[in-house]
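Below, each chain spelled out in residue letters.
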Amino acid sequence: MSFVLVLQHADLLSCDLSALDAIMPISPEYSFNKSVLRLPVRKEFKLEEAVQAKLLAQHIDFAILPDERFADLGLIVSDMDSTLITIECVDEIAAGVGLQAEVTAITERSMRGEIDFEQSLRARVALLKGLPVTELNRVYDEVLKLSPGAEWLLQQCREYGVKFMLVSGGFTYFTDRLKQQYGLDYTYANQLVVQNDKLTGELTGRIIDAQAKADLLAEYSAMLGLAKSQIVAMGDGANDIPMLQAAGFGVAYHAKPKTQAATTISVRFGGLDAVRKWFR
């Protein structure tokens, strides 16, 4: 198996890559409109910390990867909040009852891995008791946006036959609508209890926590007959770590430090199109 150092930046030709002169070919081949450079390296190749610092200072994303084709993948498993979409849905819902600051503080602690995910989820949902369902609709229609590059990544998945599964610690109200609007293959999230068109502050059914995300990845990997090397997982929070580590390619996307430290592939600066561009 061959390996490559992949560099990503909106305009690599404008970047100073002199720190990589030792491995730079005479005629380097750029791709994706000069935003990606793939440099063949040995499996044991490591970037010195000083070189990494120079790349990071220029907002260059980089990773050392097996030289794989996107067409050879079979499944991308993605977190929703702050990954496929730009917001944390529960925080935006809480804004409707004037509790955004309180709920956001719990969310941040959970995503950093400081408190148990299920405990934090139930605490946040309890604060939403009595909120009309129309507030969820407001968040979807007026606030929720896909992350930069997400639509192109989804288009590439359809073009190359790569299945896309959304596994969220958020709510089915949003994942169901995203599935319908963008043609996602599979979606899983937590179910809010609604009575008389208002939230009861409770959840029903299976809780989609860190272990559930990893379990769903394993379940669909087996169902689709995929090898580990054919699976990409991407997420930003501590509750994504088990699924990132269970995938052949675990991508920390604009992630919390604990999540970033648990993976070897990070998108710190680019959009979700960077996930596609790690591959040929």
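Rules used throughout
Residues numbered from 1 in each chain as written. Predicted model: local features only at pLDDT ≥ 70, side-chain atom pairs only at ≥ 80, totals over all residues. Heavy atoms only, no water. Helix = DSSP H or I, 4+ residues; strand = E, 2+ residues; numbered from the N terminus. Buried < 20%, exposed > 50% of the residue type's maximum accessible area, 1.4 Å probe, protein only. Contact = heavy atoms within 4.5 Å. Areas by Shrake-Rupley, 256 points an atom, 1.4 Å probe, with all protein chains shown as cover. Lys, Arg positive; Asp, Glu negative; His and termini not counted. Charge placed at Lys NZ, Arg CZ, Asp CG, Glu CD. Pairing = 2+ DSSP bridges. Core = buried A, V, L, I, M, F, W, Y, C linked by side-chain atoms within 4.5 Å. Axes fitted to C-alpha atoms, helices over the stretch in contact; angles between N-to-C directions. Parallel < 35°, antiparallel > 145°, perpendicular 65-115°, else oblique. Nonpolar A, V, L, I, M, F, W, Y, C, P; charged D, E, K, R; others polar. Expected span 1.5 Å × (residues − 1). Right-handed = clockwise from strand over helix to strand, strands pointing away.

Caption draft 1: Just the overall build of the protein chain, in detail. Summing up its helical and strand segments, the protein chain has twelve helices and eleven strands in all. Here the protein chain holds 280 residues, and the buried ones make up 51% of them. Relative to all contacts within the protein chain whose residues are 6 or more apart in sequence, the contacts with residues 24 or more apart total 64%. Split by element, the accessible area of the protein chain, about 12700 Å² in all, is 48% carbon and sulfur. Looking at the protein chain, you have 28 positive and 36 negative side-chain charges, and the mean spots of the two groups are 2 Å apart.

Caption draft 2: Up close: the sheet that holds strand β2 (residues 30–31). Taken in spatial order, the four strands make up an open sheet running β2-β3-β1-β4, and their pairing is antiparallel. Both edges of this open sheet fall to β2 and β4 (61–66), since each of them pairs with a single strand only.

Caption draft 3: Just the nonpolar core, in detail. Ile76, Leu153, Phe164, Phe171, Phe174, Leu178 and Trp278 are the most contacted members of the largest nonpolar core, which totals 57 residues. Setting aside anything within four residues of it in sequence, one finds Trp278 in contact with Val6, Gln8, Arg38, Asp61, Phe62, Ala63, Leu65, Val251, Ile265, Ser266 and Val267.

Caption draft 4: Molecular detail of the sheet that holds strand β9 (residues 231–235). As summarised here, the arrangement of the seven strands in space is β8-β7-β6-β5-β9-β10-β11, forming an open sheet in which the pairing is mixed. Taken across any chain shown, the strands that pair with only one partner, and hence form the sheet edges, are β8 (198–204) and β11 (265–267). Taking the axes of each pair of neighbouring strands and ignoring which way they run, one obtains an average angle of 25° across the sheet. Direction of pairing for strand β10 (residues 249–253) relative to β11: parallel, over a ladder of three bridges. Within the sheet, the bridge partner assigned to Ala252 lies in β11 and is Ser266. Contacts between helix α5 (residues 117–126) and the sheet are confined to β6 (163–171), β7 (186–195) and β8, with β8 contributing the most and set at about 165° to the helix. The strands touched by helix α9 (residues 210–224) are β5 (75–78), β6, β7 and β9; relative to β6, the strand with the most contacts, the crossing angle is about 160°.

Caption draft 5: Here's a closer look at the environment of Ile231. Along the chain, Ile231 turns up in strand β9. Classification of Ile231 as buried rests on a relative accessible area of 1%. On a C-alpha basis, the gap between Ile231 and Asp185 in space is 15 Å, while along the polypeptide they are 46 residues apart. Sequence-distant contacts of Ile231, defined by excluding residues within four places in its chain, comprise Leu75, Val77, Leu217, Ser221, Leu226, Ala247, Gly248 and Phe249.

Caption draft 6: Region of the structure containing unusual backbone geometry. The phi angle at Lys34 is positive, at roughly 65°, despite the residue not being glycine. Backbone geometry at Ser82 places phi at a positive 65°, although glycine is not the residue there. Counting through the fold element by element, Ser82 comes out in helix α2 (residues 80–84).

Caption draft 7: Geometry of the side chain of Thr172. You can see Thr172 is positioned in helix α8 (residues 172–182). Judged by relative accessible area, which is 14%, Thr172 ranks as buried. For Thr172, the contacting residues outside a window of four places in its chain are Ala189, Asn190 and Gln191.

Caption draft 8: Spatial organisation of the packing of helix α4 (residues 100–111) against α5. Close contact between α4 and α5 brings their axes to 10 Å; oriented N to C, the two are set at 170°. It follows that α4 is roughly antiparallel to α5 by the angle criterion. Contact residues: α4 offers Val103, Ile106, Thr107, Ser110 and Met111, while α5 offers Phe117, Ser120 and Arg124. Taken together, the residues of the contact of α4 with α5 break down into four nonpolar, three polar and one charged.

Caption draft 9: A look at α9. In a regular helix each residue adds 1.5 Å, so 15 residues correspond to 21 Å; α9 covers 21 Å between its end C-alpha atoms and thus fits that length. Among all positions in α9, only Ala210, Ala212, Lys213, Ala214, Leu216, Leu217, Tyr220 and Ser221 are buried. Those residues of α9 that are buried are in contact with β5, β6, β7, β9 and α10 (241–246). Backbone geometry just after α9 places Gly225 at a positive phi near 65°.

Caption draft 10: Geometry of the pairing of β6. The buried fraction of β6 amounts to eight of the nine residues, a majority that puts the element mostly inside the structure. The sheet contact formed by β5 and β6 spans four bridges and is parallel. Its bridge partner lying in β6, Ile76 is registered against Phe164. Of the strand pairs in this sheet, β6 and β7 are connected by four bridges, and their pairing is parallel. When the sheet's bridge partners are listed, Val167 is paired in β7 with Tyr188. One crossover worth recording links β6 to the parallel β7 by way of α8, and it is right-handed.

Caption draft 11: Region of the structure containing the pairing of β5. Neither face of β5 is open: one carries Leu75 and Val77, the other Ile76 and Ser78, and all of them are buried. Pairing of β5 with β9, which is carried by four bridges, proceeds in the parallel orientation. Following the sheet pairing, Val77 is matched in β9 by Ala233.

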